[in-house]
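So the chains spell out like this:
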Amino acid sequence: MFFLVILAFLGRITGETFFSHYENGNFTLMCNGRNEKKETVWYEAEESLQRFQVINCSNQQPKVVKGPNKCSDKTKCTNRLSNSASQGGGVFACEQFTNTGTSQTCPLLTNVTHCRHYNFFIVVIINMAADKETFETIPAKSHNNHLVVEESNITLSCEFKMKHSGQIFVIYWIKYTETSKCLFSAAREPYSFSYNTHCCIDEMIEGRLLNYTSLDSDEKHVVHSITILNVTDSDSGTYLCVVNAWSRNKHVWKIASNLSIGVRNRAIPSSASVPLYATTGLIIGIIIISGIAWLIYKEKIKSKGEPSAQLPRAQAALEISGDECSPYAVSSCKGFQRNEVLYSLATRSDGDPNCTVDNTAASGKGPGDEIHTVYEVVPQ
């Protein structure tokens, strides 16, 4: 046997839904925080799980008040409700007791004001023996870490099969968290379906839901699904498809689907990426061009300190009369601080080695400067 405590750590009643499930156990509910002495009114849903009746706490064991005064004759209970007699769980509600402000009606799940005023508890007891007597065996669907893209649509589905044709049942879609949210409910009645009449629907998602239900010809096999439109990051979580049937004077529960959904951010569209690519390419191009320009500048500076190439024939050199010596070429270096030597190549026709070349004009030196000229006479 398991002992379950469902805690609603709230400073005041703010209209929350709590969901819990366990196997063959007692359960204890707590309303409006830990203070057990706080006066509270408790309610339990009838077998239809739609209408409530007051629980009388005057005796040691709480009992449901039946009859015409079942909602007006409210008794003071503590903040803690224990139930060890229930074989199938059920749906419960609570409110803070006041002598003047407590309404004379029972909670209505279709009343928005009531949904914001009461706390509701959906308590599921899984009884495998009762499950086999009521439902055919169909494996429950489970999709762990199922990822969807933000702003897309997602469809959640569940299916089950009843043992008997025409069986009355209720389907709950629960987003399972510490304070759970009821997203949708569908009830199979004798001749029709009713929707969102068995739980307080989460107002934030109600307008984004579509639903679909199908029955086979025998009205035993049920396929049900909901579609959440334009999913957001807040839609991530665990979703349960819970089925309830009334059989042999007790509630029989089945978790038909257990789905884990994750929502990831939408990728940046390709059209929006073009400016980013263009900017990146421009920056890289500027870096490459700057690097090439710097290398060219560096090579230019380096080349200024190297000896120049062989100069063409020195046109400014003076020729000896008679054309005995003819200057052919002059080589020099920029600046003579390094004692560079000028040399000249001359030709003559008679083999006379006495030949003088004046290179002052070609060298850029003035008269009186010491210029050593080396030459060689080549016979013509």
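Before any of the text, the structure's been laid out above.
Residues numbered from 1 in each chain as written. Predicted model: local features only at pLDDT ≥ 70, side-chain atom pairs only at ≥ 80, totals over all residues. Heavy atoms only, no water.

## Comments concerning the pattern of salt bridges
Phase 1: Under the definition given, this model contains 7 salt bridges.
Phase 2: When the shortest N-O distance is used, the salt bridge between Glu46 and Arg51 registers 3.4 Å.
Phase 3: Look at Glu46 and you get buried, because its relative accessible area is 17%.
Phase 4: Exposure remark for Arg51: the relative accessible area of 47% places this residue in the partly exposed category.
Phase 5: The salt bridge involving Glu136 is made with Lys163; its shortest N-O contact spans 3.9 Å. Residue Glu136 is found in the loop between helix H2 (128-134) and strand S10 (141-149), and its partner Lys163 is found in the loop between strand S11 (154-161) and strand S12 (169-176); the two are separated by 27 residues along the sequence.
Phase 6: For Lys163, a relative accessible area of 32% puts it in the partly exposed group. (Salt bridge = Lys/Arg side-chain N within 4 Å of Asp/Glu carboxyl O. Buried < 20%, exposed > 50% of the residue type's maximum accessible area, 1.4 Å probe, protein only. Helix = DSSP H or I, 4+ residues; strand = E, 2+ residues; numbered from the N terminus.)

## Examining the state of the cysteines
Phase 1: A full pass over the atoms with the stated rule returns 4 disulfides.
Phase 2: A disulfide bridge connects Cys115 with Cys200, and the sulfur atoms are separated by 2.1 Å. As the torsion about the S-S bond is roughly -85°, the Cys115-Cys200 disulfide counts as left-handed. Taken together, the residues span a long stretch of sequence, with Cys115 in helix H1 (residues 112-117) and Cys200 in the loop between strand S14 (193-195) and strand S15 (209-215) at a distance of 85 residues. The residues Cys115 and Cys200 share a single accessibility class, namely buried. (Disulfide = S-S within 2.5 Å.)

## Concerning the layout of surface pockets
Phase 1: For the second largest pocket, the calculated volume is near 440 Å³.
Phase 2: Along the wall of the second largest pocket there are 21 residues; nearest its centre are Cys115, Cys200, Ile201, Asp202 and Glu203.
Phase 3: Of all elements in the fold, only H1 and strand S13 (181-188) reach the threshold of two or more residues within the lining of the second largest pocket.
Phase 4: In terms of residue count, the dominant contributor to the lining of the second largest pocket is H1 (3 residues). (1 Å grid on protein atoms, 1.4 Å probe; cavity = no way out; pocket = protein on both sides within 12 Å on 5 of 7 lines; lining within 4 Å. Points joined across faces, edges and corners; volume = space filled by probe spheres on them.)

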